[in-house]
Amino acid sequence: MQETEEAAGLGFSHRQIMVTMSGLMIAMLLAQLDNMIVAPALPTIVGDLGGLEHLAWVTTGYILASTVATPIWGKLGDLYGRRITFVASVALFLVGSVLCGMSQNMAELVAFRAVQGLGAGGLIVGVLAIVGEMIPPRDRSRYQGVMMAVMPVAMIGGPLIGGFITDHVSWRWAFYVNLPLGAIALVVAWITLAKLPRGTGHARIDWLGSGLLTVWITSLVLITTWGGTEYDWASPQILGLIALTIAGLAAFIVVQRRVAEPIMPLRVFTSRNFVLAGGIAFVSGFALFGAIGYLPQYQQFVQGASATSSGLLLMPLMIAVMAVSIVVGQVIGRTGHYRIFPIAGTILVTVGMFLFSTVDTETSQLTTALYMVILGAGMGGLMQTSTLIAQNSIALRDIGAGTGVSTFLRNMGSSLGVSVLGAIYAHQLTSAFAGSAGGASGSGDSAAPVSSMTPEALRALPEAARHLFQQAVTDGITSLFLWGSLVSALGIVVALLIRHVPLRGGRPGSTPAAAVQPPAPAPAPSSGSGSGSADETVSVQEETPGRNAAPVRSGTPGQDTTPASAAATR
């Protein structure tokens, strides 16, 4: 079978790939369920623990930690093997889940969500890197159909489970529910990933680069979160954070160019398509988390849905993402053409975001469902193609770090999207409600503070006060999606610049023109960047036919003798 031939570089048959992917499917289900379950519970969580001003940080803390950890986990996988790092990330994710369920205030919840995010960063990049290491891009879509089998359960079942738990048990079980599934994932992953290379384990980890990465990312997110809300844009605090971000980024780049094993090899950025795919990943993360994180606010406060119902109302978005992703994967697998999908996807995302900026207090659930289908269809065209293009543009020796960079950019989009859009939403909500404070105060003592408002408390208010709050929520939502549509529009420009580079690992007997040349030498380990365009050099390095030597799994650049059949990148 073609699958056996393409995976032979790492000794995986088609059957072994399917068995290995069973563990990955469970782990991906774990990650997807957590995101989907928590979203419907957020209004109740904030109302219970208090602090609307910290709403964005419940998600931002998770995504920020995941963003920082992603390239580190990716590099650790290159050095020490995917199996041990992947299992460790799942275990850390479960520890964070337990702590989140035990939170007694918003500060604890945000901190423990960060712990959970540290584990999630390794979980997601681990799945992507393992698949990328085993299966060539051209044939990967066949196996992605199997991976997509978990998506209906997570995307449809997650919001339902989260809403049901919130309405009938406690929001704390939205985190505890991860434990049984996580235990299964740990056992299955430990057994099925045993055949993966273990890495060398002797290379030094770039801890200085990791620290600098943490500094400038955290500072950047704090700027977007606090600027114009907690502090004026010209305040010493914001100006100091801007200076710290610039200095941290500059120092990080210098370190990455000098160390032998950078956590973010700058040579991957020499590929035009890799950079552009990273931009697409950024936009997709920005749009997706903005929609999932804040649509339940509108559905529960304005449209009167319960937490369970708001989970059901997200189904059009989730089903559209799932269906389009599967179709896109099949088309790419059969034709090898992918350029049209990022273009169409960014257009649909932009249109969907703009349509949500036009809603009001009378917009029906059917109308918002149609908007979600448009937005979800666009997301389905972006999610897997951005990673596929990025991995097709890098060498196998950089598959972990390169996948980490791609996932890092998507998480950066998510983190900045949640913080920026969250700040816009909270500011617009409080400003609009404060502008009508006279009318609200006249309604009696039943008016609950905005920062601790829950759907149940809102229903107990007099009609006049309830309408004022619903209008304020609507104002916040429309402002949020309007700004989101502007960012998505930039993604259209980025997508148009992507050029088609043939996917590696094609039909039997096909030999790329570049593959007849001898392998090009790898970049010197002291440099963080390579010369020339990686779009062309990768195929020269990895697609040389007729080599049967076993792959060298080393974190040291220049030792990649992996044959073409193992040049698997997502």
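All of these numbers come straight from a predicted model, not from anything done at the bench.

**Overview of the overall build of the protein chain**
When its secondary structure is counted, the protein chain shows 21 helices and zero strands. A sequence separation of at least 24 residues applies to 84% of the contacts in the protein chain between residues at least 6 apart. For the protein chain, the exposed surface amounts to about 20300 Å²; the carbon and sulfur share of it is 67%.

**Structural notes on the nonpolar core**
Among the nonpolar cores identified, the biggest contains 114 residues, and Phe86 and Ile217 are the most heavily contacted of them. Here this core gets twelve residues from one element, more than from any other, and that element is helix α2 (residues 14–49). In this structure, Ile217 is in contact with Leu64, Thr67, Val68, Phe408 and Met412, ignoring residues within four places of it in sequence. Ile45, Cys100, Leu109 and Phe175 belong to the second largest nonpolar core, which has eleven residues in total.

**Considerations on the environment of Gln384**
By the secondary structure assignment, Gln384 is in helix α16 (residues 365–391). Separated by 59 residues in sequence, Gln384 and Ser325 place their C-alpha atoms 7.0 Å apart.

**With respect to the packing of helix α15 (residues 340–356) against helix α20 (residues 463–496)**
At a minimum axis distance of 8 Å, the contact between α15 and α20 shows a crossing angle of 165°. One element, α15, and the other, α20, form an angle in the roughly antiparallel class. In the packing of α15 onto α20, the handedness of the crossing is left-handed. Of α20, the residues touching α15 (which contributes Pro342, Ile343, Thr346, Ile347, Val349, Thr350, Met353, Phe354 and Phe356) are Thr478, Phe481, Leu482, Gly484, Ser485, Ser488, Ala489, Gly491, Ile492, Ala495 and Leu496. Looking at the contact of α15 with α20 residue by residue, the class counts come to 13 nonpolar, seven polar and no charged.

**Notes on the packing of aromatic side chains**
The description of an aromatic ring pair uses the distance of the two centres, along with the angle that the planes make with each other. In total, this model carries ten aromatic pairs according to the counting rule given. A centroid spacing of 5.8 Å and a plane angle of 85° characterise the contact between Phe269 and Phe274, whose relative ring orientation is edge-to-face. Residues Phe301 and Phe469 carry aromatic rings whose centres are separated by 5.3 Å and whose planes lie at 75° to one another, so their mutual orientation is edge-to-face. Remark: Phe469 occurs in helix α20 and Phe301 occurs in helix α12 (residues 272–301); sequence separation between them is 168 residues. When sorted by exposure, Phe301 lands in the same class as Phe469, which is buried. The rings of Trp216, Phe252 and Phe408 are connected pair by pair, giving a single aromatic cluster.

**A closer look at the side chain of Arg113**
Along the chain, Arg113 falls in helix α5 (residues 106–134). Overall, Arg113 belongs to the buried group, its relative accessible area being 3%. When sequence neighbours within four positions are dropped, the list of residues in contact with Arg113 reads Asp34, Val38, Val58, Thr59, Gly61, Tyr62, Cys100 and Phe175.

**Here's the deal with α5**
For α5, which comprises 29 residues, the first-to-last C-alpha distance of 42 Å matches the rise-based estimate of 42 Å (1.5 Å per residue) to within 8%. Capping the start of α5 is the job of one residue whose side-chain oxygen sits 3.2 Å from the backbone nitrogen of Ala107: Asn105.

**Quick notes on a nonpolar patch on the surface**
A cluster of nonpolar side chains, namely Ile84, Val187, Trp190 and Ile191, defines an oily patch on the protein surface of about 400 Å² accessible area. Here the element with the most residues in the nonpolar patch is helix α9 (residues 178–192); it accounts for three residues. Looking at the element boundaries, Ile84 is found in helix α4 (residues 82–101).

**A few points about the side chain of Thr44**
Tracing the backbone shows Thr44 in helix α2. Of the residues examined, Thr44 reaches a relative accessible area of 19% and is grouped as buried. When sequence neighbours within four positions are dropped, the list of residues in contact with Thr44 reads Thr166 and Trp171.

**Section: the environment of His14**
Within the fold, His14 resides in helix α2. Its relative accessible area of 25% is what places His14 among the partly exposed residues. His14 sits 121 residues away from Ile135 along the chain, and the two C-alpha atoms are 9.9 Å apart.

**Section: the packing of helix α14 (residues 315–335) against α16**
Running from N to C, α14 and α16 point in directions that differ by 40°, and their axes come no closer than 7 Å. Relative to α16, the element α14 is oriented oblique. Relative to α16, α14 is oriented so that their crossing is right-handed. Its residues assigned to classes, the contact of α14 with α16 shows 15 nonpolar, seven polar and no charged.

**A look at the confidence of the model for the protein chain**
Mean pLDDT for the protein chain: 75, with 75% of residues reaching 70 or above. Confidence drops under a pLDDT of 50 for residues 1–9, and excluding neighbours within four residues, the segment shows 30 contacts in the predicted structure.

**So, α16**
The end-to-end C-alpha distance of α16, which contains 27 residues, comes to 39 Å, matching closely the 39 Å that a straight helix rising 1.5 Å per residue would cover. A bend of about 25° at Thr385 is the largest found in α16. Of all 27 residues in α16, 20 are buried; the element is thus mostly enclosed.

Reading the values: the criteria
Residues numbered from 1 in each chain as written. Predicted model: local features only at pLDDT ≥ 70, side-chain atom pairs only at ≥ 80, totals over all residues. Heavy atoms only, no water. Helix = DSSP H or I, 4+ residues; strand = E, 2+ residues; numbered from the N terminus. Contact = heavy atoms within 4.5 Å. Areas by Shrake-Rupley, 256 points an atom, 1.4 Å probe, with all protein chains shown as cover. Core = buried A, V, L, I, M, F, W, Y, C linked by side-chain atoms within 4.5 Å. Buried < 20%, exposed > 50% of the residue type's maximum accessible area, 1.4 Å probe, protein only. Axes fitted to C-alpha atoms, helices over the stretch in contact; angles between N-to-C directions. Parallel < 35°, antiparallel > 145°, perpendicular 65-115°, else oblique. Left-handed = near helix turned anticlockwise from the far one by under 90°. Nonpolar A, V, L, I, M, F, W, Y, C, P; charged D, E, K, R; others polar. Phe/Tyr/Trp six-rings, centres within 6.5 Å; stacked < 30°, edge-to-face > 60°. Expected span 1.5 Å × (residues − 1). Polar contact = N/O pair within 3.5 Å; in protein donor to acceptor, adjacent residues only side chain to side chain. Patch = residues over 30% accessible without salt bridge, like charges linked within 9 Å, V, L, I, M, F, W, Y side chains within 5 Å. Salt bridge = Lys/Arg side-chain N within 4 Å of Asp/Glu carboxyl O. pLDDT = per-residue confidence, 0-100. Bend = angle between axes of the 7 residues up to and from the residue.

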